[in-house]
Amino acid sequence: MTSRPNPTARQARLGTEMRKLREAAGVPNRKAAAQLGVSPTQISHIESGRIGISEERLRRMTEFYDCDDAALVDALVAMSLPRFGNWWDEYRGVMPPQALDLAELEHDASYVRAFEVVHIPGVLQTEAHVRATSDFFDPNRPKEIREAFVSFRMQRRQVLESGTPYDVIIHEAALRMRVGGSKVTRDQLKHLLDASDRKSLILRVVPFTTEGFSGGGYSMQYVGGAVHQLDTVQIDTTHGAEFIDATARLNRYRNVLGSIDKAALPEDASLDLIHRIAQEL
């Protein structure tokens, strides 16, 4: 099987989960290789996402690892299947690989929980807001790249249109940032109010009046997998999106989200605050 020089986040995550199962079972690399009839190097490549694994082999290995979690195995099988014709594929070679990985992560999500301190969540941004953000971060970006960025961001809205449960909390600071000027900001806030009519979207705000809470320094997306073991946290960094899947770190982010949840206003009060801020502009 041809080796992948740059596995996607989904392919790498499948390999990571296969390694976790092998290590939990106490099976050395060489014994796993013997069971599958391959070399230890090939097992290492499977576990790094550099080569794929068929459904038959995957089920054989999970049985060998004494994994009796049928839901997890089925979810891993789904991750192993080839994919073609995804909307984000047309941006390959134009957008950073992490952006494509994020689009795929959102596409597969069973639910999304997000918290933003100084930015409006990407899938809730208006086109004018996206353009203003793009120009601010990279004013010298070539026109064709800028247009691809805007188009890609608009396409990511599909996670909302699909009805995926989306629970977002925004700090008041992000609502008051005048990205693109007063009109763009006012239209952005109106868009948030209109989007709140979606049954799948819960929109809440942490106001300035909230005293210190432990999640104040975080911005993140917590993306639910097909099973909880496949949950992922996505955070933005200066070098692009970073994906976190270590069990201990996922637990930490769940606790942070719990603190943020307690600090946020109820939904009706949140929408009232957004409306008042928009009227001030």
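Refer to the structure presented above.
Thresholds, definitions, all that
- Residues numbered from 1 in each chain as written.
- Predicted model: local features only at pLDDT ≥ 70, side-chain atom pairs only at ≥ 80, totals over all residues.
- Heavy atoms only, no water.
- Pairing = 2+ DSSP bridges.
- Helix = DSSP H or I, 4+ residues; strand = E, 2+ residues; numbered from the N terminus.
- Axes fitted to C-alpha atoms, helices over the stretch in contact; angles between N-to-C directions.
- Contact = heavy atoms within 4.5 Å.
- Parallel < 35°, antiparallel > 145°, perpendicular 65-115°, else oblique.
- Nonpolar A, V, L, I, M, F, W, Y, C, P; charged D, E, K, R; others polar.
- Core = buried A, V, L, I, M, F, W, Y, C linked by side-chain atoms within 4.5 Å.
- Buried < 20%, exposed > 50% of the residue type's maximum accessible area, 1.4 Å probe, protein only.

Draft legend 1. Structural context of the sheet that holds strand β3 (residues 201-206). A sheet is described by the order of its strands in space; here 6 strands give the open sequence β3-β2-β1-β4-β5-β6, paired in mixed fashion. In this open sheet, the two strands that pair with only one neighbour each are β3 and β6 (240-244). Strand after strand, the sheet turns through a mean of 15° between neighbouring axes, direction not considered. Docked against the sheet, helix α6 (residues 97-108) engages β4 (220-224), β5 (232-237) and β6, running at close to 50° with respect to β6.

Draft legend 2. Local environment of the side chain of Thr-133. Turning to its location among the elements, Thr-133 is positioned in helix α7 (residues 127-137). Apart from the residues lying within four places of it in its own chain, the contact partners of Thr-133 are Gln-125 and Val-179.

Draft legend 3. Layout of the packing of helix α2 (residues 29-36) against helix α3 (residues 40-47). With their axes 8 Å apart at the nearest point, α2 and α3 run at an angle of 100° to one another. In terms of orientation, α2 lies roughly perpendicular with respect to α3. Touching Asn-29, Arg-30, Ala-32, Ala-33 and Leu-36 of α2 are Pro-40, Ile-43, Ser-44 and Ile-46, all from α3. Looking at the contact of α2 with α3 residue by residue, the classes come out as 6 nonpolar, 2 polar and 1 charged.

Draft legend 4. Expanded view of the nonpolar core. Leu-124, Tyr-166, Val-168, Leu-175, Leu-192 and Ile-274 are the most contacted members of the largest nonpolar core, which totals 27 residues. The set of elements that each furnish at least two residues to this core consists of β1 (111-116), α9 (158-161), β2 (166-171), α10 (172-176), α11 (182-195), β3 and α13 (267-280). Sorting elements by how many residues they give to this core places α13 first, with 5 residues. Sequence-distant contacts of Val-168, that is, excluding residues within four places in its chain, are made with Ala-114, Pro-121, Leu-124, Leu-201, Ile-202, Leu-203 and Arg-204. Residues Met-18, Leu-36, Ile-43 and Ala-75 belong to the second largest nonpolar core, which totals 24 residues.

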